[in-house]
Amino acid sequence: MSPWLALVVAVLAISWAGPLVRLATAPALSVAAWRMVFSMAFIGVVLTWRGSIMGGIRLTAREWAWAVAGGILLAGHFWSWIASLSYTTVASSVVLVSLQPFIVALLSTVLLDERPSRRQWMGIAVAMGGAMVVGWGDFALGPAALFGDALAFLAAWLVAGYYLIGRVLRRKLDLWTYIAIVYGIAALVLLVAVSMTSEAPLIGFPTGDWLVFLALAAGPMMLGHTGVNYAIRYVPAYVANLFLLGEPVGATLIAWLLPAIAEIPPSQTLVGGLFILVGIVLGTGARSRTRPTKGAPS
């Protein structure tokens, strides 16, 4: 499959995450935990069909350490982002967490020696400008909205680290092996976190919440995040993340059109969304070569 097609599907799927979370009544930590548990159930079916988990691949101690770190970062990302939706709007939360392309580009330059072109930097800058236009209105909503924005910004840093680790490990690991390890670690971390607090139970939720958990796992997780993890073997992490800036546009439209949310975006959100789309086109128009690393599995 083309990595660009995978990214299109991923954006469409991840755009549903914010609106779906707003429909849940469960605490953020419980939502994050069940999202990962159901995702691991889907992965378990695939691995059972394949008849192999590691496929004969052996990881070094350092690679295992990176995989564990990736799972922890992913768990922290989901908690902080889902929690942010209790304090700020879907549009602002999704946009702020989508600042990750700039963070990934910086880290890729320093740590992986993968440097964005001038045009890609320009696309990132334009998209970030649009993100700032969308989020600016929350300064008028008080401390609660700003706290939610801070959580979303933290989520951006956490997921940036997660995708950077994925860019490295996917050169050696095939897709299903990689996500089984990282998603599994994230699920374990979140389950431990739930067990340590009385404010986030694992059971006792209404039927609607269970449907949200399942939908988050099937759509934003298995099609969304897994699609990105497929693509980052072929394209730099900052390119994949820039493409994902289409998420706030999709999420804002969904939150607007869903009767259960009906969150009408202000004009500044529409203007900012337009800049985001221009930035995506500008930054991904000059495509990097998509040839996979020699000897890397698919």
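Quick notes on the rules
- Residues numbered from 1 in each chain as written.
- Predicted model: local features only at pLDDT ≥ 70, side-chain atom pairs only at ≥ 80, totals over all residues.
- Heavy atoms only, no water.
- pLDDT = per-residue confidence, 0-100.
- Helix = DSSP H or I, 4+ residues; strand = E, 2+ residues; numbered from the N terminus.
- Contact = heavy atoms within 4.5 Å.
- Buried < 20%, exposed > 50% of the residue type's maximum accessible area, 1.4 Å probe, protein only.
- Polar contact = N/O pair within 3.5 Å; in protein donor to acceptor, adjacent residues only side chain to side chain.
- Axes fitted to C-alpha atoms, helices over the stretch in contact; angles between N-to-C directions.
- Parallel < 35°, antiparallel > 145°, perpendicular 65-115°, else oblique.
- Left-handed = near helix turned anticlockwise from the far one by under 90°.
- Nonpolar A, V, L, I, M, F, W, Y, C, P; charged D, E, K, R; others polar.
- Phe/Tyr/Trp six-rings, centres within 6.5 Å; stacked < 30°, edge-to-face > 60°.
- Core = buried A, V, L, I, M, F, W, Y, C linked by side-chain atoms within 4.5 Å.

Notes on the confidence of the model for the protein
Link 1 in the chain: With 88% of its residues at a pLDDT of 70 or more, the protein shows a mean pLDDT of 82.
Link 2 in the chain: Mean pLDDT across the elements of the protein ranges from a minimum in helix α5 (residues 90–97), with 72, to a maximum in helix α10 (residues 207–231), with 94.
Link 3 in the chain: Considering only residues more than four positions removed or in separate chains, one finds that residues 287–298, a stretch of pLDDT under 50, has 28 contacts.

Structural notes on unusual backbone geometry
Link 1 in the chain: In this structure, D113 takes a positive phi of about 60° despite not being glycine.
Link 2 in the chain: Tracing the backbone shows D113 in the loop between α6 (100–112) and α7 (118–135).
Link 3 in the chain: Here D113 falls in the exposed class, since its relative accessible area comes to 55%.

Looking at the environment of S15
Link 1 in the chain: Considering the arrangement of structural elements, one finds S15 in the loop between α1 (3–14) and α2 (17–23).
Link 2 in the chain: C-alpha separation for the pair S15 and L244, spaced 229 residues apart in sequence, amounts to 9.2 Å.
Link 3 in the chain: Filtering out sequence-adjacent residues up to four positions away, S15 remains in contact with G246, E247, G250, A251 and I254.
Link 4 in the chain: Side-chain polar atoms of S15 contact the backbone oxygen of V11, separated by 2.7 Å.

Concerning the environment of L191
Link 1 in the chain: Position of L191 relative to the elements: it lies in helix α9 (residues 175–195).
Link 2 in the chain: Taking C-alpha positions, L191 is 9.2 Å from A32, a pair spaced 159 residues apart along the chain.
Link 3 in the chain: In this view, L191 contacts A33, V37 and L202; residues no more than four positions away in its chain are not counted.

Quick notes on the packing of helix α4 (residues 61–84) against α9
Link 1 in the chain: Their axes nearest at 7 Å, the elements α4 and α9 cross at an angle of 55°. Taken as axis vectors, α4 and α9 run oblique relative to one another. For the pair α4 and α9, the sense of crossing is right-handed. Across from W64, A67, V68, G70, G71, I72, L74 and A75 in α4, the residues of α9 making contact are I181, V182, Y183, I185, A186, V189 and L190.
Link 2 in the chain: Split by residue class, the contact of α4 with α9 holds 13 nonpolar, two polar and no charged.

Digging into the packing of aromatic side chains
Link 1 in the chain: In the structure shown here, the tally under the stated rule is nine aromatic pairs.
Link 2 in the chain: Between Y230 and Y234, the ring centres sit 5.2 Å apart and the planes meet at 45°, which makes this aromatic pair tilted. In this structure, Y230 and Y234 share a single accessibility class: buried.
Link 3 in the chain: Feature note: the residues W34, F38, F205, W210 and F213 constitute an aromatic cluster, connected by ring pairs.

Thoughts on the nonpolar core
Link 1 in the chain: Core analysis: the biggest nonpolar cluster contains 88 residues, and M36, L74, W81, Y162, Y183 and V228 have the highest contact counts within it.
Link 2 in the chain: Examining the composition of this core, we find that 12 residues originate from one element, α9, more than from any other.
Link 3 in the chain: Setting aside anything within four residues of it in sequence, one finds V228 in contact with L7, A10, I14, Y163, A240 and L244.

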